[in-house]
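Inside the fold
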Amino acid sequence: MTRPALGLVDTHAHLGDPQLTAELPALLERARAAGVAQIVVVATTAEDSGAVTRLVAGHSGLFAAVGIHPNDAAQAQSDDWERVERLLDSPKVVALGETGLDRYRDRTPFALQQEWFGRHLSLGQERGLPVVIHCRQSEQDLIDQMRSLRRPVRGVLHSFTGSWDDAQAFLDLGLHISFAGMVTFTNKSLDALREVAARVPADRLLVETDCPYLSPHPHRGKTNEPGYVALTAARLAGVRGVTLDELVQQTTANARQLFNLPQDHIL
Ligand code: NI
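Description of the structure in this document.

So, how was this worked out
Residues numbered from 1 in each chain as written. Predicted model: local features only at pLDDT ≥ 70, side-chain atom pairs only at ≥ 80, totals over all residues. Heavy atoms only, no water. Helix = DSSP H or I, 4+ residues; strand = E, 2+ residues; numbered from the N terminus. Expected span 1.5 Å × (residues − 1). Buried < 20%, exposed > 50% of the residue type's maximum accessible area, 1.4 Å probe, protein only. Contact = heavy atoms within 4.5 Å. Core = buried A, V, L, I, M, F, W, Y, C linked by side-chain atoms within 4.5 Å. Donors = N, O, S within 2.8 Å, 3.2 Å for Na, K, Ca; no water. Tetrahedral: all angles 85-135°; square planar, octahedral: opposite > 155°, others 65-115°. Arc of directions from axis to C-beta. Pairing = 2+ DSSP bridges. Axes fitted to C-alpha atoms, helices over the stretch in contact; angles between N-to-C directions. Phe/Tyr/Trp six-rings, centres within 6.5 Å; stacked < 30°, edge-to-face > 60°. Lys NZ or Arg CZ within 6 Å of the ring centre and 35° of its normal.

The next subject is helix α3 (residues 46-57). Counted at 1.5 Å a residue, the expected span for α3 with its 12 residues is 16 Å, and the 17 Å between its end C-alpha atoms agrees. By the burial criterion, the buried members of α3 are Ala46, Asp48, Ser49, Gly50, Val52, Thr53, Leu55 and Val56. In this structure, the buried residues of α3 make contact with α2 (24-33), β2 (36-42), β3 (62-66), α4 (80-87) and β4 (93-102).

This is how it looks when you write it as structure tokens:
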């Protein structure tokens, strides 16, 4: 595959995951070789938030999202939220998250997930930071909770897998929509998701890996890493009928605007 002229932004990578941390220098080198310029490293717990904040401080081109994932919220300690709040003052923290709602896994009672999601939304609004939103079988719950705020929400619905109606509701709320490796899978059943990806307005579209999970085709089943975002970008370009360079230019501009990423701070 040809390397895109402008650098890609992987807007969602869990580089704090031990599978990835173990081989970080090689993985970042491969990402650079694949045309990735910047990576938003997303945390899942207060401890991970501290770790990713330290990680991004030491690497050009890496930025952090700090927060507590809905599946980890039940395990959160009493001072964890204060720990996350304090980290917002660290350099290169560009977003809050990963937050959201998950009806697929029941590790955290749903009402408690909603409470934590509400906290992230309020703090994001207060601090002028975008929110990184996880959704698993909870599209309507997320839409209802955000609509009740009666204001636009700045952020991204990450690794989107819903319907066009869901996408429209998230777009109406003000969110960006990010696609991960699933759009590259060869299953016919994913044509519906590709159709949604084709319809998202160009100025709201983002790409990501969500590594180490869900590697794009042809790496499906193996550990995912930021360099593979180029495969998802190429598939999205095909689906949308634009060149890879056009797709990269648009999604990188969107990511830089949403996360306020400096152009000269790259891998
Ligand atoms: Ni994630």
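Now for the nonpolar core. Grouped together as the largest cluster of nonpolar side chains are 71 residues, with contacts concentrated most on Leu15, Met146, Phe170 and Phe179. For this core, the element with the most residues is helix α7 (residues 164-173), which contributes six residues. Beyond its immediate sequence surroundings of up to four residues, Leu15 is in contact with Leu20, Thr21, Leu24, Leu27, Leu28, Ile39, Val41, Leu55, Leu62, Cys211 and Pro226. Ranked by size, the runner-up nonpolar core spans 14 residues in total, among them Phe63, Ala95, Ala255 and Leu258.

So, on to the coordination of the nickel ion. In a perfect tetrahedron of four donors around a metal, the angles come out at 109.5 degrees. In a perfect octahedron of six, they are 90 or 180 degrees. Looking at the nickel ion, one finds its protein donor set to be His12 (NE2), His14 (NE2), Glu98 (OE) and Asp210 (OD), positioned 2.1 to 2.7 Å from the metal centre. If you look at the nickel ion, its four donor atoms make angles of 84 to 171° with each other, and the shape they trace is irregular. Donor residues for the nickel ion sit on one chain with the sequence pattern H-x1-H-x83-E-x111-D. Of this pair, Glu98 sits in strand β4 while Asp210 sits in the loop between β8 (205-207) and α9 (229-240); the two residues are 112 residues apart in sequence, bridging distant segments of the chain. Note on accessibility: Glu98 and Asp210 belong to one class, buried.

Burial in α2 covers these residues: Leu24, Leu27, Leu28 and Ala31. Seen end-on, α2 carries its buried residues on one side only, within an arc spanning 100°. More than 90 degrees from the buried face of α2, the exposed residues found are Pro25 and Ala33. Buried-residue contacts for α2 involve α1 (18-21), β2, α3 and β3.

Moving on: the environment of Gly241. Of note, Gly241 is situated in the loop between α9 and α10 (244-259). The exposure class assigned to Gly241 is exposed, which follows from its relative accessible area of 65%.

Further remarks concern the sheet that holds β2. The strand order across the open sheet formed by eight strands is β1-β2-β3-β4-β5-β6-β7-β8, and the pairing between neighbours is parallel. Across the chains shown, the open sheet's two edge strands, defined by having one partner strand only, are β1 (8-13) and β8. Across the sheet, the mean angle separating the axes of adjacent strands is 30° when strand polarity is ignored. Pairing of strand β7 (residues 176-179) with β8, which is carried by three bridges, proceeds in the parallel orientation.

Turning our attention to the packing of aromatic side chains. Per the stated rule, a full pass over the model turns up three aromatic pairs. With 6.0 Å between their ring centres and 75° between their planes, Phe160 and Phe179 make a pair best called edge-to-face. Placement of the pair is Phe160 in the loop between β6 (155-157) and α7 and Phe179 in strand β7, with a sequence separation of 19 residues. Residue classification places Phe160 among the buried positions, given a relative accessible area of 3%. Connected via pairs of aromatic rings, a cluster forms that spans Phe160, Phe170 and Phe179. In this structure, Arg103 is placed above the aromatic ring of Phe110, and the distance from its NZ or CZ to the ring centre is 3.8 Å. Positioned above the aromatic ring of Trp116, the side-chain terminus of Arg119 is 4.3 Å from the ring centre.

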